[in-house]
Amino acid sequence: MKHVTPPELSLGNTSQQMLHLMLRASGLPPAAWPALLDASDLAQELDNPDGQVHLTDFMRIGNTLIRTGNCGPRLGLLMGQHYRDTDHGLPAQIARTAPTIGAAIQCLAHYSPLTTRYYRGAPRLLHGSPPAIRLYSLETYSSGCPFVIDGVMAIWTRLLRDLSGRNDIIKAVSLEYPQCHYHEAVQRYFRAPVSYGEPHNQLTLHPAALGWPVQRQEPQLHAQLCRLGDELLKEMMDCNTIAGSVRQWLTSRLEGGVPTLAECAAAIGMPDWTLRRKLANEGARYQVVLDDLRHELARAHLDGTALSISEIGFMVGFGSTGSFQRAFKRWPGMAVGEYRRRIIEKRRLRTSGSVSRDGHTRFPSAPGCPATHPAHSLRPATPRHNPLKLQD
């Protein structure tokens, strides 16, 4: 079995297949793809089937395609139209062989980390009347990148229609972002009532949908693919270690404060003294795992978003701007403001074609080739749940 290299921690990652899908949907000729991707150092990875794309790079490229191409803001909906199940990799193949729609959705959610990882959560099935699929929140980016939400929702809709063979499986759509000027196109795509400004991105399903059979169910192949998926999940990241499990659990639970070791131990399913001992056996401590994770997430926010320093501090678990600034200075040995200034300067140089992401000199792109823009094109919304109203 091929070893799966853990992707670098960022705000999230998606697969090269999703990048291919976005490029196809945009209508940009394939011959122009390398020039566009070169600005994000992704051209050499374009044909790597195991490659991962940072979510912030994915957003920058999408925004560039929207501004410079013919797709316009409907890019996410076009991704749904151009979607093929091979774009979803192994999770889609596991779902296609499942016995029922309910089982297929559970498989898609369970195996989704094989293709897409987002630090704020994962898709989940809500068993209600009617049932629904709640997708991860992109509230932080929704005002600047609604196409990402459109794309996720449109792809799930297309896949569910293909799996069930029915166009009436989606009964309602809830979107986090405010009503957009292309809302009629959104309505036409989903063919169901669409509500905007909702607390969650959610697809409400037909009341009986979970029991519907999958069109191409293959029980024996399904069992084989599930075993393969389980092996890959076990290999990816470092979740076969206790420290890796702690890190994964903490990642989406830092906003506004940090969980205690006892809370983490209860969630993982062991007494706190057992967790402490097992971490020690791996040469780790809870506080060190926590501090390392907060540092990496803070840098990812500073590198990839336009969030203020106070907002980033809140999102990685600090109760005040001052405590975040003091902690950050201990990590890379420089003040958070200085770190951000260096990132902005590097972006400026990269945008002008002078430097790549790893700091190496690069010649400018040929005239007429599109180039991605720095993160100021992403206008993240202020997180709704920050009660601290901190100032930088």
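What counts, and at which threshold
- Residues numbered from 1 in each chain as written.
- Predicted model: local features only at pLDDT ≥ 70, side-chain atom pairs only at ≥ 80, totals over all residues.
- Heavy atoms only, no water.
- Salt bridge = Lys/Arg side-chain N within 4 Å of Asp/Glu carboxyl O.
- Helix = DSSP H or I, 4+ residues; strand = E, 2+ residues; numbered from the N terminus.
- Buried < 20%, exposed > 50% of the residue type's maximum accessible area, 1.4 Å probe, protein only.
- Arc of directions from axis to C-beta.
- Pairing = 2+ DSSP bridges.
- Contact = heavy atoms within 4.5 Å.
- Axes fitted to C-alpha atoms, helices over the stretch in contact; angles between N-to-C directions.
- Parallel < 35°, antiparallel > 145°, perpendicular 65-115°, else oblique.
- Nonpolar A, V, L, I, M, F, W, Y, C, P; charged D, E, K, R; others polar.
- pLDDT = per-residue confidence, 0-100.
- Polar contact = N/O pair within 3.5 Å; in protein donor to acceptor, adjacent residues only side chain to side chain.
- Disulfide = S-S within 2.5 Å.
- Phe/Tyr/Trp six-rings, centres within 6.5 Å; stacked < 30°, edge-to-face > 60°.
- Lys NZ or Arg CZ within 6 Å of the ring centre and 35° of its normal.

On to the pattern of salt bridges, then. A complete count under the given rule lists nine salt bridges for this structure. Ionic pairing is found between Arg60 and Asp57, a salt bridge with its closest N-O pair at 2.9 Å. On the criterion of helical spacing, the pair formed by Arg60 and Asp57 is a turn pair, its members being three residues apart in helix 3 (residues 55-68). The same class applies to Arg60 and to Asp57, which are both buried. In this structure, Arg166 and Asp168 form a salt bridge, with 2.9 Å as the shortest nitrogen-oxygen distance.

Our next topic: unusual backbone geometry. A cis geometry characterises the amide bond from Ser129 onward to Pro130, with omega recorded as 5°. Tracing the sequence through the fold places Pro130 in the loop between strand 4 (124-126) and strand 5 (132-135). Backbone geometry at Arg191 places phi at a positive 55°, although glycine is not the residue there. With respect to the secondary-structure elements, Arg191 resides in the loop between helix 8 (183-190) and strand 7 (194-195).

Within the sequence span of helix 15 (residues 321-330), burial applies to Thr321, Phe324, Ala327 and Phe328. One side of helix 15 carries all its buried residues, which in axial view fall inside an arc of 130°. Opposite the buried face of helix 15, at more than 90 degrees from it, the exposed residues are Arg326, Lys329 and Arg330.

Attention now moves to the sheet that holds strand 7. Read from one edge to the other, the open sheet built from five strands follows the order 4-5-8-6-7, with strand pairing classed as mixed. Every other strand in the sheet has two partners, leaving strand 4 and strand 7 as the edge strands with one partner each. Pairing analysis gives three bridges linking strand 4 to strand 5, with the strands arranged antiparallel. Pairing of Arg124 across the sheet is with Arg134, part of strand 5. Along the sheet, helix 7 (residues 146-164) makes contact with strand 5, strand 6 (170-174) and strand 8 (201-205), crossing strand 8 at roughly 20°.

Running from amino to carboxyl end, helix 10 (residues 242-251) crosses helix 11 (residues 261-268) at an angle of 105°, the nearest separation of the two axes being 10 Å. In terms of axis orientation, helix 10 runs roughly perpendicular to helix 11. The segment helix 10 lies against helix 11, with Ser245, Val246 and Trp249 engaging Glu263, Cys264, Ala267 and Ile268. When its residues are assigned to classes, the contact of helix 10 with helix 11 shows five nonpolar, one polar and one charged.

On average, residues of the protein chain score 81 in pLDDT, and 80% of them are at 70 or above. Averaged pLDDT values for the elements of the protein chain fall to 71 in strand 3 (residues 117-118) and rise to 97 in strand 6. Below pLDDT 50 for its whole length, residues 1-9 participates in 21 contacts with residues either more than four positions away or in separate chains. Within the model, the stretch residues 353-392 combines pLDDT values under 50 with 97 contacts to residues more than four positions away or in other chains.

Following both chains from N to C, one finds helix 11 and helix 12 (residues 272-281) inclined at 90°, their axes separated by 8 Å at the closest point. Viewed along their axes, helix 11 and helix 12 adopt a mutual orientation that is roughly perpendicular. Across the interface between the two elements, Leu261, Ala262, Cys264 and Ala265 of helix 11 pack against Asp272, Leu275 and Arg276 of helix 12.

Taking every second residue as pointing to the same face, both faces of strand 1 (residues 12-15) are buried, with Gly12 and Thr14 on one and Asn13 and Ser15 on the other. Summarising the sheet, strand 1 and strand 2 (residues 52-54) pair through three bridges and their orientation is antiparallel. In the strand pairing of strand 2, Asn13 is matched with His54.

With eight of ten residues buried, helix 10 lies mostly within the body of the structure. Buried-residue contacts for helix 10 involve helix 11, helix 12 and helix 13 (286-304).

A few words now on the environment of His127. With respect to the helices and strands, His127 occurs in the loop between strand 4 and strand 5. Along the backbone, His127 and Leu210 are 83 residues apart, and their C-alpha atoms lie at a distance of 9.1 Å. When residues no more than four places from it in sequence are discounted, the contact partners of His127 are Gln106 and Leu210. A distance of 3.4 Å separates polar atoms of two side chains, one belonging to His127 and the other to Gln106.

Applying the stated criterion across every chain, the model contains zero disulfides. Cysteine Cys107 is unpaired, with the sulfur of Cys226 as its nearest cysteine sulfur at 4.6 Å. Residue Cys107 is classed as buried on the basis of its relative accessible area of 10%.

In this structure, Ser112 sits in the loop between helix 6 (101-111) and strand 3. The spacing of Ser112 and Leu90 is 22 residues in sequence and 9.0 Å in space, taken between C-alpha atoms.

Right, let's get into the packing of aromatic side chains. Each aromatic ring pair is summarised here by two numbers: the centre-to-centre distance and the angle between the ring planes. Taken as a whole and assessed by the stated rule, the structure comprises eight aromatic pairs. Members of the aromatic cluster, each reached through a chain of ring pairs, are Phe318, Phe324, Phe328, Trp331 and Tyr339. A cation sits over an aromatic face here: Arg161 above Tyr189, 5.9 Å from the ring centre. Above the plane of the ring of Phe318 lies Arg294, whose end atom (NZ or CZ) is 3.7 Å from the centre.

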